[in-house]
Amino acid sequence: MSATQVVDRVVTLRESVGGWRGAGQRIALVPTMGALHEGHVSLVRLAKAHADKVVVSIFVNPTQFAPTEDLAKYPRPFEADRQALSGLADLIFSPPVEEMYRPGDSTRIQVAGPATVRLEDRFRPTHFEGVATVVAKLFHQVQPDVALFGEKDYQQFRVLVQMVQDLHMPVELLAGPTIRAPSGLALSSRNRYLDEEEREHAAIIYQTLRSCAEGIRAGDTPASVMEAGFAVLSKADFHVDYFEARDAETLMPTEDPERALHLLVAARLNTTRLIDNIAV
Ligand code: PAF
C-alpha cells in the first residue's frame, strides 16, 4: 500500500476519492472521532476486506455533544492516530470544524424511530441528530460503497441504518464486533478517563450483561433478569442510566418471544459514563 494520505479539505478529499472511483475501485469509509484504539483498527481491517480503498475520517463532531459534555476535553492525539493508521488506511480525512460546518450552516438531520426509544436519547437528547448530520455530510463527501461502525454504539448503528434506508442513501452499512480488554471491558476512547482501578472495576458491566443474556437464554424472564442486573451494578457503585432488554432491531420494549432481544446499558463510574450491549 502507498503512504496514507492526510487531507483536511473536502475538495482534496473528492479529488482522491473521485480518482479511485473513476478507476472502478470500491471505497470504504470508517468514520471516527480519533483517539483510536484496537476497536477502530479492527474496523479499518474489516473495511479493507470489503473495499479496494479505505478512508478514515477523524473529526470530533461538536453537534453531537451537549453543552455539559466533554467536547473540550475529548482526547485528540492526532499524531498517534496517524501512526496507528499508517499502512492500514489509504486516506485520513481530518477536517477542521469550519470545513464541516461552514459559516451559516443551518441544516440538520432530524431522527426518530430508534433514535427516540428512551435509551441514549433520554440522557443525550440532541446526540443522534448531531451524529446523523455529520455522518450524512461524510457520506456526501466520500460517497463510499460501504461504511463501518462499531457495534459498541449499538443504538447509533440502528439510527444510521434507519437514516440510510429512509433517505435512500446508496451505501451499505456494516457493524464491526466490539473489541474488549482481557477483563471484558469494551474498548472506548473514553476509557482514557478511567484510572487502573476503575478500569478493572468497569469490567463488571460486561460480566453483568453476559450473565443476564445467559439467564434469558436459559429461560428466565427478561424483566426479572434485568432487574437483578440493575441491582448488581448499582450495588457495585455504578450510577445506572439504563439497563434494558429491547427488540434487537427496533430497540423498542417487547414481550414478543419471537423477537430477538438485545441488552443495552449505560452506567457511570465516578465521572466516566460507559455504554455497552450484548445480543441475547
Ligand atoms: O461513533 C463515533 O465515533 C461517532 O459518533 C461518529 C460515528 C464518528 C460520528 O461523529
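Below you will find a few notes about this structure.

What counts, and at which threshold
- Residues numbered from 1 in each chain as written.
- Predicted model: local features only at pLDDT ≥ 70, side-chain atom pairs only at ≥ 80, totals over all residues.
- Heavy atoms only, no water.
- Helix = DSSP H or I, 4+ residues; strand = E, 2+ residues; numbered from the N terminus.
- Rg over C-alpha atoms; globule rule 2.2 N^0.38 Å.
- Buried < 20%, exposed > 50% of the residue type's maximum accessible area, 1.4 Å probe, protein only.
- Contact = heavy atoms within 4.5 Å.
- Areas by Shrake-Rupley, 256 points an atom, 1.4 Å probe, with all protein chains shown as cover.
- Lys, Arg positive; Asp, Glu negative; His and termini not counted.
- Charge placed at Lys NZ, Arg CZ, Asp CG, Glu CD.
- Expected span 1.5 Å × (residues − 1).
- Polar contact = N/O pair within 3.5 Å; in protein donor to acceptor, adjacent residues only side chain to side chain.
- Pairing = 2+ DSSP bridges.
- Axes fitted to C-alpha atoms, helices over the stretch in contact; angles between N-to-C directions.
- Core = buried A, V, L, I, M, F, W, Y, C linked by side-chain atoms within 4.5 Å.
- Phe/Tyr/Trp six-rings, centres within 6.5 Å; stacked < 30°, edge-to-face > 60°.
- Lys NZ or Arg CZ within 6 Å of the ring centre and 35° of its normal.
- Near = heavy atom within 4 Å.
- Salt bridge = Lys/Arg side-chain N within 4 Å of Asp/Glu carboxyl O.

Okay, the overall build of the protein next. Looking only at helices and strands, one finds nine helices and nine strands in the protein. Computed over its C-alpha atoms, the radius of gyration of the protein comes to 19 Å, within 12% of the 19 Å expected for a compact globule of 280 residues. The C-alpha extent of the protein, read off along each of the three principal axes, is 55 × 40 × 40 Å. Counting over 280 residues, the protein shows a buried share of 52%. At a minimum sequence separation of 6, the contacts of the protein that also span at least 24 residues come to 73%. Working note: accessible area of the protein is about 13,400 Å², and carbon and sulfur atoms make up 51% of it. A gap of 4 Å separates the mean positions of the 29 positive and 37 negative side-chain charges of the protein.

Moving on, we come to helix α8 (residues 196-217). Its 22 residues place the ends of α8 33 Å apart at the C-alpha level, agreeing with the 32 Å of an ideal helix rising 1.5 Å per residue. Every buried residue of α8 is accounted for by E198, A202, A203, I204, I205, Y206, T208, L209, C212, A213, G215 and I216. Of the surrounding secondary structure, the elements contacted by the buried residues of α8 are α9 (222-235), β7 (239-247), β8 (261-269) and β9 (272-279). At the N-terminal boundary of α8, the capping side chain belongs to D195, with an oxygen 3.1 Å from the backbone nitrogen of E197. Positive phi appears at G219, one or two residues downstream of α8, with a value of about 110 degrees.

Moving on, we get to the sheet that holds β8. Reading across the sheet, the three strands line up as β7-β8-β9 and stay open at both edges, with antiparallel pairing between neighbours. At either end of the open sheet lies a strand with only one pairing partner, and these are β7 and β9. Sheet twist, expressed as the average angle between the axes of neighbouring strands with direction ignored, equals 10 degrees. Two strands pair when backbone bridges link them, and β7 and β8 are joined in this way by eight bridges, in the antiparallel orientation. The residue of β8 that forms the bridge with V240 is A267. In the packing of α8 onto the sheet, contacts are made with β7, β8 and β9, and the angle to β9 comes to roughly 25 degrees. Along the sheet, α9 makes contact with β7 and β8, crossing β7 at roughly 160 degrees.

Further remarks concern the nonpolar core. By size, the foremost hydrophobic cluster in this structure holds 34 residues, and its most contacted members are V55, F93, F139 and L173. Within the residue set of this core, elements represented by two or more residues are α1 (10-22), β2 (27-32), β4 (91-93), α6 (127-142), β5 (146-150) and α7 (154-166). Discounting residues that sit within four places of it in the chain, V55 has contacts with L13, V17, W20, I27, A28, L29, V30, L91, F93 and V142.

Turning next to the sheet that holds β2. Read across the open sheet, the six strands follow the order β1-β4-β3-β2-β5-β6; overall the sheet is parallel. Every interior strand has two partners, whereas the edge strands, β1 (5-7) and β6 (172-176), have only one. Neighbour to neighbour, the strand axes of the sheet diverge by 25 degrees on average, direction disregarded. Pairing geometry for β5 and β6, over five bridges, is parallel. Its bridge partner lying in β6, V146 is registered against E172. Most of the contacts of α6 go to β2, to which it runs at about 150 degrees, and overall it touches β2, β3 (53-58), β4, β5 and β6.

Our focus in this paragraph is the side chain of T63. For T63, the location among the structural elements is in the loop between β3 and α3 (78-85). Classification of T63 as buried rests on a relative accessible area of 19%. Here the side chain of T63 touches N61 through a polar contact of 3.1 Å, side chain to side chain. At a separation of 2.8 Å, a polar atom in the side chain of T63 contacts the side chain of Y101. Not counting chain neighbours up to four residues away, the residues in contact with T63 comprise Y101, R108, T126 and G130.

Two descriptors summarise a pair of aromatic rings, namely the distance from one centre to the other and the angle between the planes of the rings. Counted by the stated rule, this structure contains three aromatic pairs. One cation-aromatic arrangement involves K73 over Y193; the distance from NZ or CZ to the ring centre is 4.3 Å. Between R180 and the ring centre of Y206, over which it is positioned, the NZ or CZ distance is 3.5 Å.

As a further point, take the site of the ligand. What surrounds the ligand is the set P31, T32, M33, N61, Q64, V131, V134, F149, D153 and Q156. A distance of 2.6 Å is found between an oxygen atom of the ligand and a side-chain nitrogen or oxygen belonging to Q64. In this structure, an oxygen atom belonging to the ligand sits 2.7 Å away from a side-chain N or O atom of Q156. Bound to the protein, the ligand loses 88% of the 280 Å² it would expose on its own.

This part covers the pattern of salt bridges. Side chains bearing opposite charge may pair, as long as their charged atoms lie close to each other. The full count for this structure, using the stated rule, is 20 salt bridges. When the shortest N-O distance is used, the salt bridge between R102 and E99 registers 3.6 Å. Among the salt bridges present, the one from D153 reaches K152, with a minimum N-O distance of 3.9 Å. Its relative accessible area of 14% is what places K152 among the buried residues. By sharing partners, the salt bridges in this structure join E69, E120, R124, D241, R268 and R273 into a single network.

All we've got here are geometric facts, nothing functional implied.
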